[in-house]
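Structural characterization, general
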Amino acid sequence: MIDLRQLRYFVAVAELEHIGHAAERLHISQSPLSRQIMQLEADLGLTLFERVKKRLFLTPEGRHLLEDARALLAEADRFAEKARRLGRGETGHLTIGYVEGAVHAGALRRALRLFQVHDSDVHVHLRPLRSAPQLAALRSRELDFGILYSPPPDNDQDLQFRLIVEEPVLLAMPIGHPLADMSEIRPGDLDGRPWITLPRSASQGFRERFLRIAAEAGFSPDIRFETAEPLTVLGLVGAGLGVALVQASIQSLSPPHVTFRRLPWLPITIRIHAVWRKTDDGSLVRKILAGLDMEDPS
(Lines give C-alpha, C1' and ligand atoms only; values in the text may rest on other atoms or scores of the structure.)
Protein backbone atom coordinates (compact mmCIF):
# COMPACT_ATOMS: atom_id res chain seq x y z
CA MET A 1 0.00 0.00 0.00
CA ILE A 2 1.46 3.34 -1.07
CA ASP A 3 1.56 5.97 1.67
CA LEU A 4 0.54 9.40 0.36
CA ARG A 5 2.86 10.99 2.88
CA GLN A 6 5.78 9.11 1.39
CA LEU A 7 4.76 10.27 -2.08
CA ARG A 8 4.79 13.89 -0.86
CA TYR A 9 8.27 13.31 0.55
CA PHE A 10 9.38 11.76 -2.75
CA VAL A 11 8.10 14.73 -4.81
CA ALA A 12 9.69 17.29 -2.47
CA VAL A 13 13.10 15.60 -2.59
CA ALA A 14 12.86 15.15 -6.37
CA GLU A 15 12.10 18.82 -6.89
CA LEU A 16 14.76 20.17 -4.50
CA GLU A 17 17.37 17.40 -4.99
CA HIS A 18 18.44 17.89 -1.40
CA ILE A 19 17.29 16.15 1.79
CA GLY A 20 17.92 19.18 3.99
CA HIS A 21 16.02 21.60 1.77
CA ALA A 22 13.17 19.15 1.34
CA ALA A 23 12.99 18.63 5.12
CA GLU A 24 12.66 22.39 5.59
CA ARG A 25 9.82 22.57 3.07
CA LEU A 26 8.06 19.65 4.74
CA HIS A 27 8.73 20.90 8.29
CA ILE A 28 10.30 17.64 9.45
CA SER A 29 13.81 16.53 10.44
CA GLN A 30 16.25 15.17 7.87
CA SER A 31 16.66 11.73 9.45
CA PRO A 32 12.96 10.75 9.37
CA LEU A 33 12.77 12.06 5.80
CA SER A 34 15.74 9.94 4.70
CA ARG A 35 14.22 6.87 6.36
CA GLN A 36 10.88 7.39 4.65
CA ILE A 37 12.52 7.72 1.23
CA MET A 38 14.49 4.51 1.78
CA GLN A 39 11.34 2.76 3.00
CA LEU A 40 9.47 3.86 -0.13
CA GLU A 41 12.26 2.50 -2.31
CA ALA A 42 12.16 -0.78 -0.40
CA ASP A 43 8.36 -1.01 -0.75
CA LEU A 44 8.56 -0.34 -4.49
CA GLY A 45 11.55 -2.60 -5.04
CA LEU A 46 13.58 -0.03 -7.01
CA THR A 47 15.99 2.86 -6.54
CA LEU A 48 14.43 6.30 -6.95
CA PHE A 49 17.51 8.47 -6.33
CA GLU A 50 21.22 8.45 -7.06
CA ARG A 51 23.06 9.86 -4.07
CA VAL A 52 26.02 12.07 -4.93
CA LYS A 53 27.53 13.63 -1.83
CA LYS A 54 24.69 15.66 -0.28
CA ARG A 55 22.55 15.78 -3.41
CA LEU A 56 20.03 13.32 -4.70
CA PHE A 57 19.27 12.90 -8.40
CA LEU A 58 16.37 10.99 -9.82
CA THR A 59 17.13 7.69 -11.45
CA PRO A 60 15.42 6.94 -14.79
CA GLU A 61 12.84 4.95 -12.80
CA GLY A 62 12.34 7.89 -10.43
CA ARG A 63 11.84 10.31 -13.32
CA HIS A 64 9.30 7.92 -14.83
CA LEU A 65 7.28 7.83 -11.58
CA LEU A 66 7.48 11.52 -10.66
CA GLU A 67 4.54 12.74 -12.79
CA ASP A 68 2.40 9.83 -11.63
CA ALA A 69 3.21 10.72 -8.04
CA ARG A 70 2.23 14.34 -8.65
CA ALA A 71 -1.03 13.23 -10.30
CA LEU A 72 -1.89 10.94 -7.38
CA LEU A 73 -1.24 13.72 -4.89
CA ALA A 74 -3.32 16.18 -6.88
CA GLU A 75 -6.16 13.67 -7.00
CA ALA A 76 -5.88 13.13 -3.25
CA ASP A 77 -6.04 16.89 -2.71
CA ARG A 78 -9.14 17.11 -4.92
CA PHE A 79 -10.71 14.25 -2.96
CA ALA A 80 -10.01 15.97 0.37
CA GLU A 81 -11.37 19.31 -0.85
CA LYS A 82 -14.51 17.64 -2.19
CA ALA A 83 -15.01 15.91 1.17
CA ARG A 84 -14.64 19.24 2.96
CA ARG A 85 -17.17 20.89 0.61
CA LEU A 86 -19.58 18.00 1.17
CA GLY A 87 -19.18 18.49 4.89
CA ARG A 88 -19.99 22.19 4.52
CA GLY A 89 -23.01 21.47 2.30
CA GLU A 90 -21.46 23.22 -0.71
CA THR A 91 -21.67 20.28 -3.11
CA GLY A 92 -23.57 17.04 -3.55
CA HIS A 93 -26.86 15.70 -4.88
CA LEU A 94 -30.23 16.18 -3.23
CA THR A 95 -33.70 14.91 -4.17
CA ILE A 96 -36.61 16.75 -2.59
CA GLY A 97 -40.27 15.84 -2.79
CA TYR A 98 -42.95 18.49 -2.38
CA VAL A 99 -46.68 19.05 -2.50
CA GLU A 100 -48.10 21.94 -4.50
CA GLY A 101 -49.23 23.76 -1.38
CA ALA A 102 -45.58 24.05 -0.33
CA VAL A 103 -44.95 26.19 -3.41
CA HIS A 104 -47.88 28.53 -2.74
CA ALA A 105 -46.95 28.88 0.95
CA GLY A 106 -43.31 29.67 0.13
CA ALA A 107 -42.01 26.59 1.97
CA LEU A 108 -40.17 25.17 -1.04
CA ARG A 109 -38.50 28.52 -1.74
CA ARG A 110 -37.40 28.79 1.90
CA ALA A 111 -36.04 25.24 1.88
CA LEU A 112 -33.82 26.01 -1.10
CA ARG A 113 -32.73 29.55 -0.25
CA LEU A 114 -29.30 28.60 1.16
CA PHE A 115 -28.43 26.74 -2.04
CA GLN A 116 -28.61 29.94 -4.08
CA VAL A 117 -25.18 31.28 -3.13
CA HIS A 118 -22.58 31.45 -5.91
CA ASP A 119 -20.18 28.95 -4.32
CA SER A 120 -22.83 26.26 -3.99
CA ASP A 121 -22.45 23.26 -6.31
CA VAL A 122 -25.41 21.26 -5.02
CA HIS A 123 -27.49 19.55 -7.70
CA VAL A 124 -31.13 19.56 -6.56
CA HIS A 125 -33.76 17.32 -8.14
CA LEU A 126 -37.35 18.34 -7.31
CA ARG A 127 -40.18 15.79 -7.45
CA PRO A 128 -43.85 16.82 -7.11
CA LEU A 129 -45.46 14.02 -5.10
CA ARG A 130 -48.41 13.59 -2.77
CA SER A 131 -47.79 12.90 0.89
CA ALA A 132 -48.04 9.09 0.96
CA PRO A 133 -45.70 8.52 -2.03
CA GLN A 134 -43.20 10.91 -0.46
CA LEU A 135 -43.13 8.90 2.77
CA ALA A 136 -42.61 5.70 0.81
CA ALA A 137 -39.83 7.30 -1.27
CA LEU A 138 -38.10 8.57 1.86
CA ARG A 139 -38.09 5.07 3.33
CA SER A 140 -36.71 3.58 0.10
CA ARG A 141 -34.12 6.38 -0.12
CA GLU A 142 -35.45 7.68 -3.42
CA LEU A 143 -35.96 11.02 -1.66
CA ASP A 144 -33.61 12.81 0.72
CA PHE A 145 -36.17 15.27 2.03
CA GLY A 146 -39.94 15.66 1.87
CA ILE A 147 -42.28 18.65 2.16
CA LEU A 148 -45.79 17.30 2.56
CA TYR A 149 -49.18 17.54 4.26
CA SER A 150 -49.56 14.28 6.20
CA PRO A 151 -46.51 13.44 8.35
CA PRO A 152 -45.54 9.99 9.64
CA PRO A 153 -46.68 8.90 13.12
CA ASP A 154 -44.93 10.50 16.08
CA ASN A 155 -43.35 7.17 17.02
CA ASP A 156 -42.09 6.35 13.51
CA GLN A 157 -38.79 4.46 13.76
CA ASP A 158 -37.31 5.73 10.50
CA LEU A 159 -38.61 9.25 9.87
CA GLN A 160 -38.83 12.48 11.78
CA PHE A 161 -40.79 15.60 10.91
CA ARG A 162 -41.36 19.24 11.74
CA LEU A 163 -44.37 21.46 11.17
CA ILE A 164 -43.19 24.31 8.92
CA VAL A 165 -46.42 25.93 7.67
CA GLU A 166 -49.87 26.33 9.18
CA GLU A 167 -52.23 28.68 7.43
CA PRO A 168 -56.00 29.14 7.38
CA VAL A 169 -58.32 28.15 4.58
CA LEU A 170 -60.52 30.72 2.86
CA LEU A 171 -63.87 30.38 1.16
CA ALA A 172 -63.39 31.13 -2.54
CA MET A 173 -66.48 32.43 -4.37
CA PRO A 174 -67.15 33.95 -7.77
CA ILE A 175 -67.62 37.71 -7.71
CA GLY A 176 -71.35 38.40 -7.68
CA HIS A 177 -72.13 35.25 -5.68
CA PRO A 178 -75.09 35.72 -3.28
CA LEU A 179 -72.74 35.24 -0.31
CA ALA A 180 -70.03 37.62 -1.50
CA ASP A 181 -71.63 40.78 -0.08
CA MET A 182 -72.82 39.32 3.20
CA SER A 183 -71.23 40.88 6.29
CA GLU A 184 -71.07 37.46 7.95
CA ILE A 185 -71.28 34.05 6.34
CA ARG A 186 -72.80 31.50 8.69
CA PRO A 187 -72.84 27.70 8.31
CA GLY A 188 -76.50 27.66 7.28
CA ASP A 189 -75.72 30.01 4.41
CA LEU A 190 -73.57 27.28 2.83
CA ASP A 191 -76.19 24.53 3.04
CA GLY A 192 -76.95 23.01 -0.34
CA ARG A 193 -74.54 25.27 -2.22
CA PRO A 194 -72.58 23.75 -5.14
CA TRP A 195 -69.02 22.93 -4.02
CA ILE A 196 -65.71 22.10 -5.65
CA THR A 197 -63.54 19.83 -3.48
CA LEU A 198 -60.51 17.59 -3.48
CA PRO A 199 -61.18 14.01 -4.60
CA ARG A 200 -60.84 11.31 -1.95
CA SER A 201 -57.82 9.90 -3.78
CA ALA A 202 -55.93 13.17 -3.34
CA SER A 203 -56.53 13.76 0.36
CA GLN A 204 -59.02 11.49 2.02
CA GLY A 205 -58.17 12.92 5.45
CA PHE A 206 -58.85 16.53 4.45
CA ARG A 207 -62.10 15.67 2.68
CA GLU A 208 -63.40 13.56 5.57
CA ARG A 209 -62.52 16.29 8.04
CA PHE A 210 -64.31 18.90 5.92
CA LEU A 211 -67.46 16.78 5.64
CA ARG A 212 -67.43 16.01 9.37
CA ILE A 213 -67.03 19.67 10.35
CA ALA A 214 -69.72 20.68 7.84
CA ALA A 215 -72.14 18.19 9.40
CA GLU A 216 -71.30 19.37 12.90
CA ALA A 217 -71.78 23.01 11.84
CA GLY A 218 -75.15 22.21 10.29
CA PHE A 219 -74.69 22.44 6.54
CA SER A 220 -74.45 19.88 3.75
CA PRO A 221 -72.25 20.75 0.74
CA ASP A 222 -73.49 19.76 -2.70
CA ILE A 223 -70.24 18.48 -4.21
CA ARG A 224 -70.43 19.00 -7.97
CA PHE A 225 -66.78 18.97 -9.06
CA GLU A 226 -63.62 17.31 -7.78
CA THR A 227 -60.04 18.28 -8.65
CA ALA A 228 -56.68 18.07 -6.90
CA GLU A 229 -55.24 21.09 -8.74
CA PRO A 230 -55.59 24.36 -6.76
CA LEU A 231 -55.43 26.55 -9.87
CA THR A 232 -58.13 24.44 -11.51
CA VAL A 233 -60.26 24.92 -8.39
CA LEU A 234 -59.92 28.69 -8.74
CA GLY A 235 -60.74 28.49 -12.44
CA LEU A 236 -63.94 26.56 -11.73
CA VAL A 237 -64.89 28.97 -8.96
CA GLY A 238 -64.24 31.94 -11.26
CA ALA A 239 -66.50 30.34 -13.87
CA GLY A 240 -69.35 30.36 -11.36
CA LEU A 241 -69.51 26.58 -10.93
CA GLY A 242 -69.34 26.56 -7.15
CA VAL A 243 -67.52 27.61 -4.01
CA ALA A 244 -64.42 25.98 -2.52
CA LEU A 245 -62.02 26.04 0.42
CA VAL A 246 -58.46 26.99 -0.54
CA GLN A 247 -55.28 27.75 1.36
CA ALA A 248 -54.88 31.44 2.11
CA SER A 249 -51.56 31.87 0.29
CA ILE A 250 -53.08 31.00 -3.08
CA GLN A 251 -54.95 34.33 -3.23
CA SER A 252 -52.13 35.97 -5.15
CA LEU A 253 -52.65 33.52 -8.02
CA SER A 254 -56.39 33.98 -8.22
CA PRO A 255 -58.13 34.88 -11.50
CA PRO A 256 -59.93 38.25 -11.47
CA HIS A 257 -63.44 36.87 -11.00
CA VAL A 258 -62.84 35.22 -7.61
CA THR A 259 -63.23 36.73 -4.15
CA PHE A 260 -62.26 35.27 -0.77
CA ARG A 261 -63.74 35.31 2.72
CA ARG A 262 -62.46 34.07 6.06
CA LEU A 263 -64.78 31.79 8.02
CA PRO A 264 -63.81 32.28 11.69
CA TRP A 265 -66.04 29.45 12.83
CA LEU A 266 -64.40 26.89 10.52
CA PRO A 267 -61.51 25.15 12.40
CA ILE A 268 -59.57 23.94 9.35
CA THR A 269 -55.97 24.87 8.58
CA ILE A 270 -53.48 23.72 5.96
CA ARG A 271 -50.48 22.12 7.63
CA ILE A 272 -47.26 21.42 5.78
CA HIS A 273 -44.43 19.37 7.28
CA ALA A 274 -40.76 18.79 6.57
CA VAL A 275 -39.82 15.11 6.78
CA TRP A 276 -36.42 13.42 6.68
CA ARG A 277 -34.76 10.20 7.81
CA LYS A 278 -33.60 10.02 11.41
CA THR A 279 -30.28 8.58 10.30
CA ASP A 280 -29.65 11.45 7.89
CA ASP A 281 -28.29 14.44 9.76
CA GLY A 282 -25.88 15.42 6.99
CA SER A 283 -24.96 18.94 6.04
CA LEU A 284 -27.42 19.15 3.13
CA VAL A 285 -30.41 18.27 5.31
CA ARG A 286 -29.20 20.67 7.99
CA LYS A 287 -28.92 23.37 5.32
CA ILE A 288 -32.55 22.85 4.25
CA LEU A 289 -33.74 23.04 7.85
CA ALA A 290 -31.68 26.18 8.43
CA GLY A 291 -33.29 27.80 5.40
CA LEU A 292 -36.76 26.88 6.66
CA ASP A 293 -35.96 28.37 10.08
CA MET A 294 -34.85 31.74 8.66
CA GLU A 295 -37.36 34.55 8.72
CA ASP A 296 -38.42 36.01 5.41
CA PRO A 297 -37.26 39.61 4.87
CA SER A 298 -40.00 42.10 5.58
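Look above for the structure.
Please read these numbers as outputs of a predicted model, since none were measured by experiment.

1. Quick word on the pairing of strand β5 (residues 145–148)
- Residues Phe145 and Ile147 point to one face of β5 and Gly146 and Leu148 to the other, with burial holding for every one of them.
- Bridge count between β5 and strand β11 (residues 269–277): three bridges; the pairing is antiparallel. Bridging from a neighbouring strand, Gly146 pairs with Val275 of β11.

2. Details of the pattern of salt bridges
- What the rule picks out here adds up to 16 salt bridges.
- Of the charged contacts in the structure, one is a salt bridge between Arg271 and Glu166, with a shortest N-O distance of 3.0 Å. Of this pair, Arg271 sits in strand β11 while Glu166 sits in strand β6 (residues 159–174); the two residues are 105 residues apart in sequence, bridging distant segments of the chain.

3. Some details on helix α7 (residues 131–139)
- All of the buried residues along α7 are Ser131, Gln134, Leu135, Ala137 and Leu138. The buried residues of α7 all sit within an arc of 165° when viewed along its axis, so they share a single face.
- Two residues or fewer after α7 comes Arg141, characterised by a positive phi angle close to 65°.

4. Some points on the packing of aromatic side chains
- All chains considered together, the criterion is met by six aromatic pairs.
- With 5.7 Å between their ring centres and 65° between their planes, Phe10 and Phe49 make a pair best called edge-to-face. One end of the pair, Phe10, is in helix α1 (residues 4–16); the other, Phe49, is in strand β1 (residues 49–52), with 39 residues separating them in the sequence. For the pair formed by Phe10 and Phe49, the shared burial category is buried.
- Ring centres 6.1 Å apart and planes at 80° place the aromatic pair Phe219 and Trp265 in the edge-to-face group. Of this pair, Phe219 sits in the loop between α8 (204–217) and β8 (222–226) while Trp265 sits in the loop between β10 (258–262) and β11, placing them 46 residues apart in sequence.
- For Phe219, a relative accessible area of 4% gives the class buried.
- One aromatic cluster is present, built from ring pairs that chain together Trp195, Phe210, Phe219 and Trp265.

5. Describing the side chain of Thr227
- Counting through the fold element by element, Thr227 comes out in the loop between β8 and α9 (230–238).
- Residue classification places Thr227 among the buried positions, given a relative accessible area of 12%.
- Here Glu229 takes part through its backbone nitrogen, which lies 3.2 Å from a polar atom of the side chain of Thr227.
- Residues in contact with Thr227, not counting those within four places in the same chain, are Ile196, Thr197, Leu198, Pro199, Thr232, Val233 and Leu236.

6. As for the nonpolar core
- By size, the foremost hydrophobic cluster in this structure holds 48 residues, and its most contacted members are Phe145, Ile147, Leu171 and Leu245.
- Elements represented by at least two residues in this core include exactly β3 (91–98), α6 (107–112), α7, β5, β6, α8, β11 and α10 (283–293).
- The element contributing the most residues to this core is β6, with six residues.
- Ile147 has contacts with Ile96, Gly97, Tyr98, Val99, Ala102, Ala107, Leu108, Ala111, Gln134, Ile164, Ile272 and His273, leaving out every residue within four places of it along the chain.
- Counting 20 residues, the second-largest nonpolar core is a separate cluster that includes Leu7, Val13, Phe49 and Leu58.

7. Structural notes on unusual backbone geometry
- At Glu17, a position not held by glycine, the phi torsion is positive, near 55°.
- Looking at Glu17, the relative accessible area reads 24%, which means it is partly exposed.
- The backbone of His27 shows a phi angle near 60°, a positive value even though the residue is not glycine.
- With respect to the element layout, His27 can be found in the loop between α2 (19–26) and α3 (30–44).

Thresholds applied
Residues numbered from 1 in each chain as written. Predicted model: local features only at pLDDT ≥ 70, side-chain atom pairs only at ≥ 80, totals over all residues. Heavy atoms only, no water. Buried < 20%, exposed > 50% of the residue type's maximum accessible area, 1.4 Å probe, protein only. Helix = DSSP H or I, 4+ residues; strand = E, 2+ residues; numbered from the N terminus. Pairing = 2+ DSSP bridges. Salt bridge = Lys/Arg side-chain N within 4 Å of Asp/Glu carboxyl O. Arc of directions from axis to C-beta. Phe/Tyr/Trp six-rings, centres within 6.5 Å; stacked < 30°, edge-to-face > 60°. Polar contact = N/O pair within 3.5 Å; in protein donor to acceptor, adjacent residues only side chain to side chain. Contact = heavy atoms within 4.5 Å. Core = buried A, V, L, I, M, F, W, Y, C linked by side-chain atoms within 4.5 Å.

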